[in-house]
Amino acid sequence: MAHHKLQLGADVSQREESDSMGAVQVPADCYWGAQTQRSSENFRIGGSQRFSFTPTFIRAYAILKKSAALANLQLGLLDKRVAQAIVTAADDVIAGQLQDNFPLVVWQTGSGTQTNMNLNEVLAGRANELLTGKRGGKTPVHPNDHVNKGQSSNDTFPTAMHLAASEALVQQLLPTLDHIITELQHKAVEWQALIKIGRTHLQDATPLTLGQEFSAFAAQFQCARSGLKQALNGVLALPIGGTAVGTGLNSHKAFPTLVVQYVSDELAQPFREMDNKFLG
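None of these values were measured; they are calculated from a predicted model. (Residues numbered from 1 in each chain as written. Predicted model: local features only at pLDDT ≥ 70, side-chain atom pairs only at ≥ 80, totals over all residues. Heavy atoms only, no water.)

Quick look at the environment of Gln 97 now. One can find Gln 97 in the loop between α3 (80–94) and α4 (113–132). Residue Gln 97 is classed as exposed on the basis of its relative accessible area of 56%. As for Gln 97 and Asp 145, which are separated by 48 residues in sequence, their C-alpha atoms are 24 Å apart. (Helix = DSSP H or I, 4+ residues; strand = E, 2+ residues; numbered from the N terminus. Buried < 20%, exposed > 50% of the residue type's maximum accessible area, 1.4 Å probe, protein only.)

So, in structure tokens, the structure goes:
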């Protein structure tokens, strides 16, 4: 996968973006803005350990941002035109069409602020292109005021982690375990009469059948699967709506309920609000 270089050469077309620290040059063909660019330049560690190589997480974060836009639209906090542009931009990310626009390494500040802003800037930049034909910028869609409305890195990042973990568990890991368990159980039956020597402490012990041995392997995977299912229950609780420290400051009281509803519909899983958002 190609990535923009952190140091841009003179032959690379650029555009100007800005934040509270001033103006910064970014590649003209990208959708991100000033804060993403600053993180790329200031965290020059980690090499290839980039969020772009975790598409499940980026997809989950985009689903969250889409759900947030829909919730804010339903609450009358976002203009319909702005909200729909954010949703369309998020759908582009969910489909994997903008994967090269997430260049940040996993090594950054503790709350994932730069990655949250990377999502906000990319979605705003794409939404602005949809509405005006001009890529990037903050008008008419602002990365903070619109895409990140009612949110914080401190509640969106862990929520995205929960979404990504649950999707990977339900869609990938559990079905794979089911297949392995089934095959091991078949072998336990097929080899039930095949006698072998058991071994303990690196020595020959008493006889058993190969089928009995494989029944143990199947049971081990079943125990692991049971533990993962129990862990999933905790992952389904989402801290969204807690904003910066769990108080929900600057977030509408109905916002988290609506977001949870939208992400549940999108991923077909029974997500719920975390009981204590200070925990999140």
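Axis separation between helix α1 (residues 34–42) and α4 bottoms out at 8 Å; the angle between their running directions is 140 degrees. Taken together, the axis directions place α1 and α4 in an arrangement best described as oblique. The chirality of how α1 crosses α4 is left-handed. Where α1 approaches α4, its residues Ala 34, Gln 35, Thr 36 and Ser 39 are matched on the opposing element by Gln 114, Met 117, Asn 118 and Glu 121. (Axes fitted to C-alpha atoms, helices over the stretch in contact; angles between N-to-C directions. Parallel < 35°, antiparallel > 145°, perpendicular 65-115°, else oblique. Left-handed = near helix turned anticlockwise from the far one by under 90°. Contact = heavy atoms within 4.5 Å.)

Structurally, Ser 251 can be placed in the loop between β5 (237–238) and α8 (255–267). Exposure remark for Ser 251: the relative accessible area of 15% places this residue in the buried category. Only 3.4 Å separates the side chain of Ser 251 from the backbone oxygen of Gly 150, close enough to count as a polar contact. With residues near it in sequence (within four places) discarded, Ser 251 still touches Gly 150, Gly 241, Thr 243 and Pro 256. (Polar contact = N/O pair within 3.5 Å; in protein donor to acceptor, adjacent residues only side chain to side chain.)

Predicted confidence across the protein chain gives a mean pLDDT of 93, with 96% of residues reaching 70 or more. This stretch, residues 1–10, has a pLDDT under 50; its non-local contacts, to residues over four places away or in other chains, come to 23 contacts. (pLDDT = per-residue confidence, 0-100.)

So, about the pairing of strand β3 (residues 195–200). Sheet topology places β3 next to strand β4 (residues 203–209); five bridges connect them, and they run antiparallel. Across the sheet, the residue bridging to Ile 195 is Thr 209, located in β4. Taking the residues between adjacent antiparallel strands as the criterion, β3 and β4 are bridged by two residues, where His 201 takes a positive phi near 55 degrees. (Pairing = 2+ DSSP bridges.)

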